[in-house]
Amino acid sequence: MIAVETVSIKNLYRHVGEEVTLQGWLYNLRSSGKIFFLIIRDGSGIVQGVLVKKETSTETWEKAKQLTQESSLRVRGVVREEPRSPGGFEIQLTDLEIIGIAEPYPISLKEHGVDFLAERRHLWIRTPRQSAILRIRAGIEHASRVFFHERDFILADAPIITPAACEGTTTLFEIDYHGEKAFLSQSGQLYNEANAMALGRMYCFGPTFRAEKSKTRRHLMEFWMLEAEAAFFDFEDNMRLQEDLVYHIVSHVLQHHRADLDILKRDIGRLEAIKLPFPRISYTDAVELLNSKGIEFKWGDDFGAPDETAISDHFDSPVFVHHFPVGIKAFYFKPDPDNPEVVLGADLLAPEGYGEIIGGGQRLDDLKLLEQRIEEHGLPQEAFEWYVDLRRYGTVPHSGFGLGIERTVSWLCGIEHIRETIPFPRTLYRIYP
Ligand code: 4AD
Ligand code: MG
């Protein structure tokens with residue numbers, strides 16, 4: 001039995017020349033007859049273990065022969081620097097303990113179709129590429145929490161079961177709440193506004209749900225949103241906060257996830273090119289830009305994915321598109337006092353065609369106008385009474401936004417489809433596993 005004081009693969013660089021114990025799974029096994037090369041993964045990284053027949057006991061050698069892909073094991077060996085090996089290190093194995101021999105593994109090292117992999121998502125996440133994406137996702141979440149904590153934004157969790165819509169009624173998932181109709185939250189925003197009036201500056205981070213009928217590479221039914229709301233923040237303060245947040249996240253990923261970005265073959269130059277402040281373009285100018293590129297687009301329509309790509313292709317950094325027409329935005333946006341046809345809202349579009357990663361803006365703080373909008377949008381007055389109260393008792397200018405975590409992961413990882421950005425994606429046609 002090998003001692004269970006173990007090190008993780010990502011920390012091997014601290015143990016060069018030492019004998020260590022690792023535990024994990026066998027990703028791949030090659031043999032020359034006299035040497036076994038074991039590729040071992042432990043979730044933090046991948047390392048090659050080398051087992052030489054003439055330097056090992058017959059018992060250990062026989063154990064190695066039994067190993068199959070994804071068998072779990074514990075090994076002991078001496079760490080060496082080896083630039084040609086994945087991760088840059090190698091382990092000269094001295095001992096091997098089998099924990100569980102795996103049955104023939106369905107996911108081999110060859111290419112598989114997406115449906116095949118999606119059906120086996122619980123196993124697919126073990127592959128180096130998928131694990132790298134999930135580590136970067138965790139890094140983005142961590143960096144975001146640190147960012148808000150350092151700026152005195154207080155974390156206040158929003159409810160998931162709600163009595164009313166935030167982002168319009170077409171994408172609500174309805175549930176039966178002890179005989180009453182209720183919905184899964186599309187956004188924590190309305191509650192964030194209440195929490196901002198209590199706490200000044202706040203943020204929430206949680207799952208949100210949209211019954212999107214569209215099957216695109218950017219939409220999930222269940223996704224995680226990082227949302228901030230701040231009292232006394234105007235539209236400009238709000239954009240500055242967003243660009244600082246996104247810049248902070250990009251810097252964190254560049255600094256702490258080089259190895260993961262390498263596994264994904266991400267073009268790091270594109271991320272390093274990002275500069276503060278981010279460019280800003282009004283909706284009206286964006287329409288003109290599209291038209292000048294020969295793309296037909298009418299003022300008053302909402303951008304589709306190709307339009308967003310055409311706009312963002314114009315810039316190296318993420319770009320804010322601001323002052324959208326009232327008609328295409330939710331009921332809670334504040335109209336521009338200088339031009340009430342447009343609202344003080346902005347979307348942040350990621351570069352390289354990854355689309356909208358943030359939606360946000362300044363909120364309607366006028367009681368009468370808010371009541372009017374709720375009516376115009378055909379929303380049930382009673383369900384919004386508490387929200388309207390926020391304008392009755394000490395209303396202040398305030399702003400906020402929501403950043404889609406999966407969209408951000410897609411962009412930073414440089415991956416085609418949003419389904420790879422969350423451990424268990426919920427897409428239009430798949431809820432298993
Ligand atoms: O632009 P959205 O709809 O904004 C809101 O929900 C605001 N209430 C947020 C706020 O101001 N507190 O959504 C925000 C972001 C989008 O920019 C996008 O990144 C992401 O959420 N998003 C989705 N991500 C994956 N799948 C979907 N179906 C998404 N819908 C929105
Ligand atoms: Mg939006």
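Cut-offs and rules
Residue positions are given per chain, counting from 1 as you read along its sequence in written order. Lettering of chains starts at A and numbering of ligands starts at 1, both following the order in which they are written. Where totals are concerned, whole chains, interfaces and linings use all residues; where local detail is concerned, this predicted model gives features only for residues with pLDDT of at least 70, and gives and counts side-chain atom pairs only at 80 or more. Only hydrogens and water are removed before side-chain values are computed, so all heavy atoms of the structure are retained for them. Counting from the N terminus, the helices are the DSSP runs of H or I reaching at least four residues and the strands are the DSSP runs of E reaching at least two. Three exposure classes are used, based on accessible area relative to the maximum for each residue type with a 1.4 Å probe and protein chains only: buried under 20%, partly exposed in between, and exposed over 50%. Residue contacts are counted whenever heavy atoms from the two residues lie within 4.5 Å of one another. In this description, accessible areas are obtained by the Shrake-Rupley approach with a 1.4 Å probe, and a residue is regarded as covered only by the protein chains that are shown. Being near a molecule or strand, for a residue, comes down to having at least one heavy atom within 4 Å of it. Here a polar contact is recorded for every N or O atom pair within 3.5 Å, except that within protein the pair must consist of a potential hydrogen donor and a potential acceptor, and residues adjacent in sequence are included only if both atoms are side-chain atoms. Angles run from 0 to 180 degrees between N-to-C directions of axes, and those axes are lines fitted to C-alpha atoms, restricted for helices to the stretch in contact. Should an angle fall under 35 degrees it is called roughly parallel, over 145 degrees roughly antiparallel, and 65 to 115 degrees roughly perpendicular, with every other angle called oblique. Two helices that cross are described as forming a left-handed crossing if the nearer one is turned anticlockwise from the farther one by less than a right angle, and a right-handed crossing if clockwise. Each residue gets one label: Ala, Val, Leu, Ile, Met, Phe, Trp, Tyr, Cys and Pro are nonpolar, Asp, Glu, Lys and Arg are charged, and the others, such as Gly, are polar. Where each domain starts and ends comes from a domain assignment, either automatic or drawn from a database. Salt bridges are defined by distance alone: a side-chain nitrogen of Lys or Arg within 4 Å of a carboxyl oxygen of Asp or Glu. The pairing criterion is simple: DSSP has to find at least two bridges between the two strands. Within 6.5 Å between ring centres, the rings of Phe, Tyr and Trp (the latter by its six-membered ring) count as paired, and their orientation is classed by plane angle as stacked under 30 degrees, edge-to-face over 60, tilted in between.

A. Broad picture of the overall build of the protein. Across its full length, the protein carries 13 helices and 18 strands. Dimensions of the protein, computed from C-alpha atoms along their principal axes, come out at roughly 85 × 55 × 40 Å. The burial tally for the protein puts 52% of its 433 residues in the buried class. Contacts in the protein between residues at least 24 apart in sequence constitute 66% of all its contacts with a sequence separation of at least 6. When the accessible surface of the protein is split by element, carbon and sulfur atoms take 52% of a total near 20,400 Å².

B. Fine view of the site of ligand 1. As a matter of local geometry, ligand 1 sits amid 22 residues, with Glu167, Gln189, Arg210, Glu227 and Glu356 nearest to it. Here an oxygen atom of ligand 1 and a backbone polar atom of isoleucine 357 are 3.0 Å apart. Within the side chain of arginine 363, a nitrogen or oxygen atom sits 2.9 Å from an oxygen atom of ligand 1. Isolated, ligand 1 exposes 630 Å² of accessible area, and the fraction of that covered by the protein chains is 94%.

C. Up close: the packing of helix α11 (residues 367-376) against helix α12 (residues 385-392). Where α11 meets α12, the axes come as close as 9 Å, and the angle between the chain directions of the two elements is 160 degrees. Overall, the two elements α11 and α12 adopt an arrangement that is roughly antiparallel. Handedness of the α11/α12 crossing: right-handed. When α11 is examined against α12, the residues Leu367, Leu370, Glu371 and Ile374 are found in contact with a partner set consisting of Tyr387, Val388, Arg391 and Arg392. Grouping the constituent residues of the contact of α11 with α12 by class yields 5 nonpolar, no polar and 3 charged.

D. Just the domain arrangement of the protein, in detail. According to the domain assignment, the protein consists of domain 1 (9-100) and domain 2 (121-421). On a C-alpha basis, the centroid separation for the pair domain 1 and domain 2 is 44 Å.

E. Representation of the pattern of salt bridges. By the definition in use, this model includes 27 salt bridges. Salt-bridge contacts for glutamate 193 lead to arginine 391; the nearest nitrogen and oxygen are separated by 2.7 Å. Here arginine 391 lies in helix α12 and glutamate 193 lies in helix α5 (residues 189-199), a separation of 198 residues in the sequence. Across the pair, exposure class does not vary: glutamate 193 and arginine 391 are buried alike.

F. Just unusual backbone geometry, in detail. Proline 277 follows leucine 276 through a cis peptide bond whose omega is -10 degrees. Take proline 277: it is sitting in the loop between α8 (268-272) and β12 (280-282). Note that the residue after tyrosine 432, namely proline 433, is joined by a cis bond; omega there is 0 degrees. As for its placement among the helices and strands, proline 433 is situated in the segment after α13 (405-413).

G. A look at the sheet that holds strand β9 (residues 180-184). Taken together, 3 strands build an open sheet; the order of strands is β7-β9-β8 and the sheet is antiparallel. Only two strands of the sheet have a single neighbouring strand rather than two, namely β7 (161-162) and β8 (174-177). With 4 bridges joining them, β8 and β9 adopt antiparallel strand pairing. The residue bridging glutamate 174 from the neighbouring strand is phenylalanine 183, located in β9.

H. Main features of the pairing of strand β11 (residues 222-231). Across the 10 residues of β11, 8 count as buried, placing the element largely inside the fold. Pairing of strand β10 (residues 201-209) with β11 involves 9 bridges; the strand directions are antiparallel. Looking across to β11, one finds that proline 207 is bridged to tryptophan 224. As paired elements, β11 and strand β18 (residues 398-404) share 7 bridges and run antiparallel to each other. Looking at β18, one finds that glutamate 227 is bridged to glycine 402.

I. Fine view of the packing of aromatic side chains. Per the stated rule, a full pass over the model turns up 19 aromatic pairs. Each ring, one from phenylalanine 153 and one from phenylalanine 233, has its centre 6.2 Å from the other, and the planes form 85 degrees; the classification is edge-to-face. Of the two residues, phenylalanine 153 is situated in the loop between α4 (128-150) and β6 (154-155) and phenylalanine 233 in the loop between β11 and α6 (235-256); the sequence distance between them amounts to 80 residues. For the pair phenylalanine 303 and phenylalanine 324, a centre-to-centre distance of 6.2 Å together with 65 degrees between the ring planes defines the contact as edge-to-face. A residue pair is termed long-range when its members are at least 10 positions apart, and phenylalanine 303 in the loop between α9 (283-292) and α10 (305-312) and phenylalanine 324 in the loop between β13 (319-322) and β14 (335-336) qualify at 21 residues. Classification of phenylalanine 303 as buried rests on a relative accessible area of 12%.

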